[in-house]
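Here are the chains, one letter per residue:
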Amino acid sequence: MTTLRIILWDIDGTLLHSGGAGQTAIVRTARELHGQELSLQDLDYRGRTDSLIVRQIFSRFQIPWFEENVARFRNRYLQHLRDEISRSPGRVLPGVERLLCAIQERAGWRQGLLTGNFEHGARIKLDHFGLGRFFSFGAFGDRSECRNELARSAMTLLRQQWGESLAATQVFLIGDTPHDVLCAQAIGAYSIAVATGGYCLSELAACRPTMLLPDLEQFEPVLALVKGHS
Ligand SMILES: [Mg+2]
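(A) Up close: the packing of aromatic side chains. For the structure shown, the criterion picks out five aromatic pairs. Ring plane angle 80° and centroid distance 5.3 Å describe the contact between F58 and W65, whose orientation is recorded as edge-to-face. With a relative accessible area of 2%, F58 lands in the buried category. A centroid spacing of 6.1 Å and a plane angle of 65° characterise the contact between Y77 and F118, whose relative ring orientation is edge-to-face. One end of the pair, Y77, is in helix α3 (residues 67-86); the other, F118, is in the loop between β4 (109-114) and α5 (119-128), and 41 residues separate them in sequence. The exposure classification of Y77 matches that of F118, with both residues buried. Ring pairing ties together the aromatic residues F58, W65 and F73, which thus form one cluster. Sitting over the face of the ring of W65, R55 holds its NZ or CZ atom 4.0 Å from the ring centroid.

(B) Representation of the domain arrangement of the protein. On domain assignment, one finds that the protein holds domain 1 (5-18 + 91-228) and domain 2 (21-86). The straight-line distance from the C-alpha centre of domain 1 to that of domain 2 is 24 Å. Roughly 1800 Å² is buried in total at the junction of domain 1 and domain 2, and carbon and sulfur atoms are behind 59% of that figure. For domain 1, the biggest contributors to the area lost against domain 2 are F118, I124 and E145; these three give 40% of the whole. Residues E145 and R55 are paired through a salt bridge, measuring 2.9 Å at the closest nitrogen-oxygen approach. Counting every contact that joins domain 1 to domain 2 gives eight residue pairs in polar contact (both at pLDDT 80 or more). Broken down by secondary-structure element, the contributors of at least two residues to the side of domain 1 that touches domain 2 are α5 and α6 (147-162). If you tally residues by element for the side of domain 1 that touches domain 2, the top one is α5, at five residues. Looking at the side of domain 1 that touches domain 2, its residues break down into six nonpolar, 11 polar and four charged.

Rules used throughout
- Chains are numbered independently. Their residues run from 1 in the order of the written sequence.
- Only residues with pLDDT of at least 70 get local features here, since the model is predicted, and only at 80 or more are side-chain atom pairs given and counted; chain-wide, interface and lining totals rely on the full set of residues.
- Only hydrogens and water are set aside when side-chain values are computed; all heavy atoms of the structure are taken into account.
- Each aromatic pair joins two rings of Phe, Tyr and Trp (for Trp, the six-membered one) with centres within 6.5 Å, and gets the label stacked for planes under 30 degrees apart, edge-to-face for over 60, and tilted for any other angle.
- Per-residue accessibility, obtained with a 1.4 Å probe over protein chains only, is compared with the maximum for each type, and a residue is labelled buried under 20%, exposed over 50%, and partly exposed between these values.
- Numbering of helices and strands runs from the N terminus, with a helix taken as a DSSP run of H or I at least four residues long and a strand as a DSSP run of E at least two residues long.
- As a reminder, the over-ring test applies to NZ of lysine and CZ of arginine, requiring each to be within 6 Å of the ring centre and within 35 degrees of the ring normal.
- Note that the domain bounds were set by an automatic or database domain assignment.
- When two components associate, each loses some accessible surface as probed by a 1.4 Å sphere; the sum of these losses over both components is called the buried area.
- Any Lys or Arg side-chain nitrogen found within 4 Å of a carboxyl oxygen on Asp or Glu counts as a salt bridge.
- Any pair of N or O atoms that falls within 3.5 Å is considered a polar contact. Within protein, one atom must be able to donate a hydrogen and the other to accept it, and sequence-neighbouring residues count only if both atoms are side-chain atoms.
- Polar here means any residue other than Ala, Val, Leu, Ile, Met, Phe, Trp, Tyr, Cys and Pro, which are nonpolar, and Asp, Glu, Lys and Arg, which are charged; Gly is therefore polar.

This is how it looks when you write it as structure tokens:
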């Protein structure tokens, strides 16, 4: 019998670079809705959930944390994101599309998303770069501000879909930041770190991922890891 294996992907810095579309959309939203000039240096957004980024902005500018304000910010951000991404110089990262295809072809392997992006934002980015077709499920930043919490909710979703006996050791997370590695560790899953985002190899090595790669151009070790475990 084929053992089920689940590969969960981060988006920004792992599957693709949005060419700054996400950050620009946030800056435009803060300016338009709240008259605030946001500097991205003020925000630590790498590996953070969209919900947490919005929380940081609201806190910084003392905007009342009402659901109505949050929803308004999110909706406007998504409109700006759609607009920005259409003129973005972004790209799919090396090897990604071939690895997505290779995973898709394996019997018993499933791939989904574990991303801090709002679900709608994730779809905008993936569809723009032609990657949406690879993903039918995922855990998104709407669910929680905390990435470890997001990983736990991903496990709950996976077990609802594939049964309570699904072990964390059947799950493999691919991401570009220490937050991705730490949230994999938080649920007992394997972590594959790639230095294609905002962190270099030595910074990622410090959080001891299961596997560390400069990029996904040579992805055979990833397939070997997933095949050899669980
Ligand atoms: Mg990322």
